[in-house]
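# Overview (structure and organization)
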Amino acid sequence: MRFRLFLVVSFAALSVACRPETPAARLARQLRGAYPEHAAPRGVVRTFDIEAREAELPLIDGGKLRVWAYNGQVPGPELRIRLGDTLRVRFTNRLPQPTTIHWHGVRVPNGMDGVPSVTQPPVEPGGTFTYEFTPKDAGTFWFHPHVRSSEQVERGLYGVLVVEDAAPPPYSRDVVWVLDDWLLDETHQIFDRFNTPHDLMHDGRWGNFVTVNGRTDARLDTRGGERIRLRLLNASNGRIYAPEFPGLEPQIIAVDGLYLARAIPLERFELAPGNRLDLDITLPGGPASRSFPVTDQFYPARPNHLADVVVDGAAPTAPPRFASPAHARVPAWSEGLQIPATKEFRLDARRGGSYGIEWTINGQAFAGHEHHGAPMLTLERGGWVRLRFVNASYRLHPIHLHGMFFRLLARNGAPVDEPFFRDTVLVHSQETIDIGLVPLDPGKWMMHCHILEHAEAGMMTLFEVRG
Ligand SMILES: [Cu+2]
């Protein structure tokens, strides 16, 4: 019996060895060991109750701001679990509109993705829905509505999901900074016209106040010598940040949740809506207390103050010594550019639709989740594909794929070697990009611009993964 099994296995191995491996199959094989195919639940369920409702909170510069909030907090509650834990969120909608929760960047089963009328019915006012899944990856993720997002996210509905490593590295502190901007009117309340022609024709709604964790005066108090993990998230509708930390020397350890192949110094990194960036910072010691301003330099002529890192010089500590957690397997996929693109997506705008302007993918504007029609692309589970995005417009489009990670391969045909995966990538004005990916989870997944006004005006589509 054992002998016969051995024979079968050998013949199988032989037949695989004799068939020449296609370049795409070789690239798919290189994904092995980069991140797990399946979740590994360890039998621990972490339950959270989340309610979306109106609230009045001391935000921005401390004035009372009427917002929509998860559990009366903006940012919403920080959900922190361990890799292998099962997350159960019992959600109640107390908003005057239907809503859902989408788990940005988390490789969830399709039914937990929070896309209304595609993966679940919208949660009506007064309704409930239980989200339950075991994340496959440790990292920094976030959650937000996928219904009328340009209004609901702007009003304050977002929160961070931190999935800690099974054995978290011993940082002195692990801190989350949610970057957002707010457009306030003359009464100092949220300007309540959404999806204006101006926002739709430009790069979405950019506010007149920039905040970190809801405040314009955010500061992080630290001690000299501490080694901190700082998790940045851009929860803005449209604004892009290029955070700079003069005087500190941050190393990037993770992007969009996943660790890098190796830590790299933070140089210009364009944190588009949806993107996350995890930084490893060792604070300088020294006898005097010092303050390090952190600024956004996306438009260097118009920098924004984000926050201050304050180092107390009185009580320096010895930096904890441990190797950077950034040592993931990230395939180079450099041959990927030689493989023909599976599909090209042309990003553009035209007059028409209910807003007077429509943002289109291959000439199609997504006409509401109820009328989404056939998926624009069907992919086989486990196959390597290259997708190309051609920005025919002059505006910015951070393209986000649900349910999977990808690697940026090229910008304008020139190879790009980022030592990390992403779930969101900024496509600049008139730029063409190529990405490579291997879808692992069957279902109908969204692909859309994360400038929420562009998505609202049509720049969304579905693709299906079969298998
Ligand atoms: Cu866009």
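Residues numbered from 1 in each chain as written. Predicted model: local features only at pLDDT ≥ 70, side-chain atom pairs only at ≥ 80, totals over all residues. Heavy atoms only, no water.

## Concerning the sheet that holds strand β11 (residues 219–223)
Across the sheet, 4 strands lie side by side as β11-β18-β17-β13; this open sheet has mixed pairing. The sheet is open, and its two borders are formed by β11 and β13 (243–244), each paired with just one other strand. Alignment of β11 against strand β18 (residues 304–312), held across 5 bridges, turns out to be parallel. Paired with Leu220 across the strands is Val309, a residue of β18. (Pairing = 2+ DSSP bridges. Helix = DSSP H or I, 4+ residues; strand = E, 2+ residues; numbered from the N terminus.)

## Focus on the packing of aromatic side chains
Within the structure shown, the criterion is met by 16 aromatic pairs. With 6.0 Å between their ring centres and 40 degrees between their planes, Trp206 and Tyr299 make a pair best called tilted. In this pair, Trp206 sits in the loop between α4 (197–201) and β10 (209–212) while Tyr299 sits in the loop between β17 (290–296) and β18, placing the two residues 93 residues apart along the sequence. On the accessibility criterion, Tyr299 (32% relative accessible area) is partly exposed. Note on Phe269 and Phe420: the rings are 6.3 Å apart at their centroids and 50 degrees apart in plane angle, and the pair reads as tilted. Here Phe269, found in the loop between β15 (258–265) and β16 (276–282), pairs with Phe420, found in the loop between β25 (414–415) and β26 (424–427); they are 151 residues apart in sequence, far enough to count as distant. Across the pair, Phe420 and Phe269 agree in class, each one buried. Cluster of aromatic residues (ring-pair linked, three or more members): Tyr70, Phe91, Trp103, Phe129, Tyr131, Phe133 and Phe143. (Phe/Tyr/Trp six-rings, centres within 6.5 Å; stacked < 30°, edge-to-face > 60°. Buried < 20%, exposed > 50% of the residue type's maximum accessible area, 1.4 Å probe, protein only.)

## A look at the pairing of strand β27 (residues 432–437)
In terms of burial, β27 is largely enclosed, as 6 of its 6 residues are buried. The two faces of β27 match: Thr432, Asp434 and Gly436 on one face and Ile433, Ile435 and Leu437 on the other face are all buried. Summarising the sheet, strand β22 (residues 385–391) and β27 pair through 6 bridges and their orientation is antiparallel. If you follow Arg386 over to β27, its bridge partner there is Gly436. Bridge analysis of strand β24 (residues 407–411) against β27 gives 4 bridges, and the strand direction is antiparallel. Across the sheet, residue Ala410 finds its bridge partner in β27, namely Asp434.

## Section: unusual backbone geometry
Residue Pro75 is bonded to the preceding Val74 through a cis peptide linkage, with omega at -10 degrees. Within the element layout of this structure, Pro75 appears in the loop between β2 (63–70) and β3 (79–82). Here His188, not a glycine, exhibits a phi torsion of approximately 70 degrees, which is positive. Given a relative accessible area of 32%, His188 falls into the partly exposed group.

## Section: the coordination of the copper ion
Listed as protein donors to the copper ion are His397 (ND1), Cys449 (SG) and His454 (ND1); their distances from the metal cover 2.0 to 2.1 Å. Taken in chain order, the donor set of the copper ion reads H-x51-C-x4-H. Considered together, Cys449 and His454 belong to a single accessibility category, that of buried residues. (Donors = N, O, S within 2.8 Å, 3.2 Å for Na, K, Ca; no water.)

## Some points on empty space enclosed by the protein
The tally for this structure, following the rule as stated, stands at 1 cavity of 30 Å³ or more. What the largest cavity holds in volume is close to 30 Å³. Forming the boundary of the largest cavity are Tyr35, Arg107, Gly403, Met404, Phe405, Val438, Pro439, Leu440 and Asp441. (1 Å grid on protein atoms, 1.4 Å probe; cavity = no way out; pocket = protein on both sides within 12 Å on 5 of 7 lines; lining within 4 Å. Points joined across faces, edges and corners; volume = space filled by probe spheres on them.)

## Quick look at the side chain of Thr222
Checked against the element boundaries, Thr222 lands in strand β11. Dropping the residues within four chain positions of it, Thr222 is found in contact with Arg173, Leu283, Val309, Val310, Val311 and Asp312. (Contact = heavy atoms within 4.5 Å.)

## So, the pairing of strand β9 (residues 173–182)
Most of β9 sits out of view: 8 of its 10 residues are buried. Of the strand pairs in this sheet, β9 and strand β12 (residues 227–234) are connected by 7 bridges, and their pairing is parallel. Each residue of the ladder has a partner; that of Val178, found in β12, is Leu233. Pairing analysis gives 4 bridges linking β9 to β10, with the strands arranged antiparallel. Each residue of the ladder has a partner; that of Asp180, found in β10, is Thr211.

## A closer look at the sheet that holds β25
Two strands in a sheet stick together by hydrogen bonds in their backbones, pointing the same way (parallel) or opposite ways (antiparallel). On the basis of which strands lie adjacent, the open sheet formed by 6 strands has the order β20-β19-β22-β27-β24-β25 and mixed pairing. The open sheet terminates on both sides in strands that have one partner only, identified here as β20 (357–361) and β25.

## Structural notes on the environment of Phe420
Exposure remark for Phe420: the relative accessible area of 4% places this residue in the buried category. Sequence-distant contacts of Phe420, that is, excluding residues within four places in its chain, are made with Val255, Leu260, Ile264, Phe269, Val330 and Arg407.

## Observations regarding the confidence of the model for the chain
For the chain, mean pLDDT is 94; residues scoring 70 or higher make up 95% of the total. Contacts for the low-pLDDT stretch residues 1–15, under 50 throughout, to residues beyond four places or in other chains number 0 contacts. (pLDDT = per-residue confidence, 0-100.)

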